Amino acid sequence: MSGSWFQIQLLEPDTYVISEWSHWEQTHCYLLLGRERALLIDTGLGVASLRPAVEDLTGLPVTAVLSHAHWDHIGSLGEFDRRLAHALEAPWLSGSFPLSPRAVKSNLLRESCPFPPGFDPEHYTVYQGGVTGTIADGQVFDLGGRTVTALYTPGHSPGHLCYWEDTRGALYSGDLLYRGKLDLFYPTTDPAAFLTSVERVAALPLRAIRPGHFNLDVPPELELARDVLLAAQSLKAQGRLHHGAGIFDFQGFSIHL
Ligand SMILES: [Zn+2]
Ligand SMILES: [Zn+2]
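Quick look at the structure, then.

To continue, consider the overall build of the protein. From N to C terminus, the protein includes five helices and 15 strands. Computed over C-alpha atoms, the radius of gyration of the protein comes to 17 Å, within 12% of the 18 Å expected from 2.2 N^0.38 for 257 residues, which places it in the range of a compact globule. Considering only C-alpha atoms, the protein reaches an extent of 50 × 45 × 30 Å along its principal axes. Within the protein, the proportion of its 257 residues that are buried is 53%. Total accessible area on the protein is roughly 10,800 Å²; 52% of this is exposed by carbon and sulfur atoms. Computing the positive centroid from 18 side-chain charges and the negative centroid from 28, the protein places the two 2 Å apart.

Of the protein atoms, only Asp72 (OD), His73 (NE2), Asp175 (OD) and His213 (NE2) coordinate the zinc ion (ligand 2), at distances of 2.0 to 2.4 Å. Because the angles between the four donor atoms bound to the zinc ion (ligand 2) fall within 88 to 155°, the donor set is best described as irregular. Read N to C, the donor residues that coordinate the zinc ion (ligand 2) are spaced as D-H-x101-D-x37-H. Here the zinc ion (ligand 1) and the zinc ion (ligand 2) are spaced 3.3 Å from one another, each receiving a donor from aspartate 175. You can see histidine 73 sitting in the loop between β5 (62-65) and β6 (82-86) and its partner histidine 213 sitting in the loop between β13 (208-211) and α5 (224-237), a full 140 residues away along the chain. You can call histidine 73 buried: its relative accessible area is 0%.

Our focus in this paragraph is the pattern of salt bridges. Evaluation of the coordinates by the stated rule reveals 13 salt bridges. One salt bridge connects arginine 210 with glutamate 12, and the closest N-O pair in it is separated by 3.4 Å. Residue arginine 210 is found in strand β13, and its partner glutamate 12 is found in strand β1 (residues 7-12); the two are separated by 198 residues along the sequence. The pair arginine 210 / glutamate 12 is uniform in exposure class, with both members buried. The salt bridge involving aspartate 14 is made with arginine 168; its shortest N-O contact spans 2.8 Å. With aspartate 14 in the loop between β1 and β2 (15-20) and arginine 168 in the loop between β10 (161-165) and β11 (170-174), the pair connects residues that are 154 residues apart, well separated along the chain. Note on arginine 168: relative accessible area 23%, which makes it partly exposed.

Regular strands place their side chains on alternate faces of the sheet. The pairing of strand β8 (residues 140-142) with strand β9 (residues 147-152) spans three bridges and is antiparallel. Bridged to aspartate 142 within β9 is threonine 147. Two successive antiparallel strands, β8 and β9, enclose a turn made up of four residues, where glycine 144 displays a positive phi of approximately 90°. Relative to β10, β9 runs antiparallel, the two sharing four bridges. Across the sheet, the residue bridging to leucine 151 is cysteine 162, located in β10.

Phi is positive for glutamine 26, close to 45°, though the residue is something other than glycine. Within the fold, glutamine 26 resides in the loop between β2 and β3 (27-33). Looking at glutamine 26, the relative accessible area reads 25%, which means it is partly exposed. Positive phi is not limited to glycine here, since aspartate 42 has a value of about 75°. For aspartate 42, the position within the fold is in the loop between β4 (38-41) and α2 (51-57). Residue classification places aspartate 42 among the buried residues on the basis of a relative accessible area of 2%.

The rules behind these values
Residues numbered from 1 in each chain as written. Chains lettered and ligands numbered in written order. Predicted model: local features only at pLDDT ≥ 70, side-chain atom pairs only at ≥ 80, totals over all residues. Heavy atoms only, no water. Helix = DSSP H or I, 4+ residues; strand = E, 2+ residues; numbered from the N terminus. Rg over C-alpha atoms; globule rule 2.2 N^0.38 Å. Buried < 20%, exposed > 50% of the residue type's maximum accessible area, 1.4 Å probe, protein only. Areas by Shrake-Rupley, 256 points an atom, 1.4 Å probe, with all protein chains shown as cover. Lys, Arg positive; Asp, Glu negative; His and termini not counted. Charge placed at Lys NZ, Arg CZ, Asp CG, Glu CD. Donors = N, O, S within 2.8 Å, 3.2 Å for Na, K, Ca; no water. Tetrahedral: all angles 85-135°; square planar, octahedral: opposite > 155°, others 65-115°. Salt bridge = Lys/Arg side-chain N within 4 Å of Asp/Glu carboxyl O. Pairing = 2+ DSSP bridges.

Below is the structure:
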């Protein structure tokens, strides 16, 4: 079941993207393999079980880390023994999820989707089994011959993290940057913090952006980080970088405030 729901692509000899293209959210998880350990960034919608798909790819012990604790990234978190998130969002994973089950379900079912056999949307629930630890800004994950650093990048959510692999110039950007509608309109978003976070990642020597949703093709020449930064700066200059300001379209992305 999981094999046909997830589409898996090899990005580098030791890096996979695991995608859910059939669903309108087009969510991506990333599996990074070191010599001794594997890091799984985000765990998908929870419509199909992710762990068997991961175990098909590696026998290494897996640490599951979240970019953030929105429902579309936490679906299979409970399937992994080591599961980590930023401390500010840990409560969202153990009884204090900020969205009602009804709102989550209406997002899940927003567009028709060929869900996998055996999946019943009526019984869909948001993972609430908690984390086994938290992640701080600058925390380094040593996978054995490969290190990945967590960057605290709030704005889209209060505990949002990007993951940065400096030797490769690769940024796993979660929902901070992707080619689509960047959401900054929920009560738990913070447009000013978003601007600061984009400033931070745009200053990195980026060679690849690996987004949490949609088009995987974010080549360096697109300069998505710089363009989103310029867009957010211009909205700020116009006094529009605040909740309720509307949806603003730019080349290749939009910002929903
Ligand atoms: Zn999100
Ligand atoms: Zn998302």
